[in-house]
Amino acid sequence: SSGEKRGLLVLNYLGAPLLSNLKQLASRFRGEALLVNSAGEYLQAPDPEQEWGWLLGHARSFQSDFPKAWERGKHLSSGQFRIGQSSFTFQRVSPNRGLSGMQVGLDQSDNDHDVETLTIVSYVSPTVVKTHAMQRLRQMALPAIGIMAVVAMLLLYWAHSGVVRR
């Protein structure tokens, strides 16, 4: 009644489809798909306890969890790199323009990280890489052993034939 504002209501109904689509895509991916804002804070993470830290008063963020990766990828419009045995892929998107409006052509000198720009980060940990490599090794081991057994039998037959001929 005095003209002073007493509250503010913010409705973010457009973000739900983006987060839902990202979760659906991430379920088919071996690593983790993350959505971070321009400050490196999680909007979506595998552990819901990590999300929205700046609003909920905790310090968990992509920037604090992976400082080297954030420094290297925060200015990229898209890119992929490895740090140690971890693999990171960055793609900047602007939700107001949809995925068809991805900001392509931004370079390292670009500092226009505004609230409309988000970054999708794909993270594959060393554990996931090692597990996947071991699965592949197991899949390939049995056929390789079979081929080696056939080759060994052929070599024995060839050697035996040579002895018989002499």
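**Some words on the sheet that holds strand β3 (residues 78-83)**
Overall, antiparallel pairing links the 5 strands, which are arranged β2-β1-β5-β4-β3 in an open sheet. At either margin of the open sheet sits one strand with a lone partner, and together these are β2 (42-44) and β3. The mean angle between the axes of side-by-side strands here comes to 30°, regardless of whether they run parallel or antiparallel. Strand direction decides the pairing type here: strand β1 (residues 32-36) and β2, joined by 2 bridges, are antiparallel. In the strand pairing of β2, Leu-35 is matched with Gln-44.

**Side note on the layout of surface pockets**
A probe as big as a water molecule, rolled over the atoms, marks out the empty space that is left. Put simply, the second largest pocket is a space of about 240 Å³. Along the walls of the second largest pocket sit 13 residues, with Leu-22, Leu-25, Ala-26, Ala-33 and Ile-120 positioned nearest its centre. At the level of secondary structure, the elements contributing two or more residues to the lining of the second largest pocket comprise α1 (15-26), β4 (86-93) and β5 (118-124). By residue number, the principal contributor to the lining of the second largest pocket is α1, which donates 5 residues. Its residues placed into classes, the lining of the second largest pocket shows 9 nonpolar, 4 polar and no charged.

**Looking at the environment of Thr-117**
Mapping Thr-117 onto the fold places it in the loop between β4 and β5. On a C-alpha basis, the gap between Thr-117 and Arg-92 in space is 6.7 Å, while along the polypeptide they are 25 residues apart.

**Here's the deal with the pattern of salt bridges**
Under the counting rule described, the total for this entry stands at 2 salt bridges. Linking Asp-65 and Arg-60 is a salt bridge whose minimum nitrogen-to-oxygen distance equals 3.1 Å.

**Things to note about a nonpolar patch on the surface**
Taken together, the side chains of Ile-147, Val-151, Leu-155 and Trp-158 make up a nonpolar region of the molecular surface, amounting to roughly 450 Å² of accessible area. Assignment of secondary structure puts Ile-147 in helix α5 (residues 126-165). Overall, the relative accessible area of 56% leaves Ile-147 in the exposed class.

Rules behind the numbers
Residues numbered from 1 in each chain as written. Predicted model: local features only at pLDDT ≥ 70, side-chain atom pairs only at ≥ 80, totals over all residues. Heavy atoms only, no water. Pairing = 2+ DSSP bridges. Helix = DSSP H or I, 4+ residues; strand = E, 2+ residues; numbered from the N terminus. Axes fitted to C-alpha atoms, helices over the stretch in contact; angles between N-to-C directions. 1 Å grid on protein atoms, 1.4 Å probe; cavity = no way out; pocket = protein on both sides within 12 Å on 5 of 7 lines; lining within 4 Å. Points joined across faces, edges and corners; volume = space filled by probe spheres on them. Nonpolar A, V, L, I, M, F, W, Y, C, P; charged D, E, K, R; others polar. Salt bridge = Lys/Arg side-chain N within 4 Å of Asp/Glu carboxyl O. Patch = residues over 30% accessible without salt bridge, like charges linked within 9 Å, V, L, I, M, F, W, Y side chains within 5 Å. Areas by Shrake-Rupley, 256 points an atom, 1.4 Å probe, with all protein chains shown as cover. Buried < 20%, exposed > 50% of the residue type's maximum accessible area, 1.4 Å probe, protein only.

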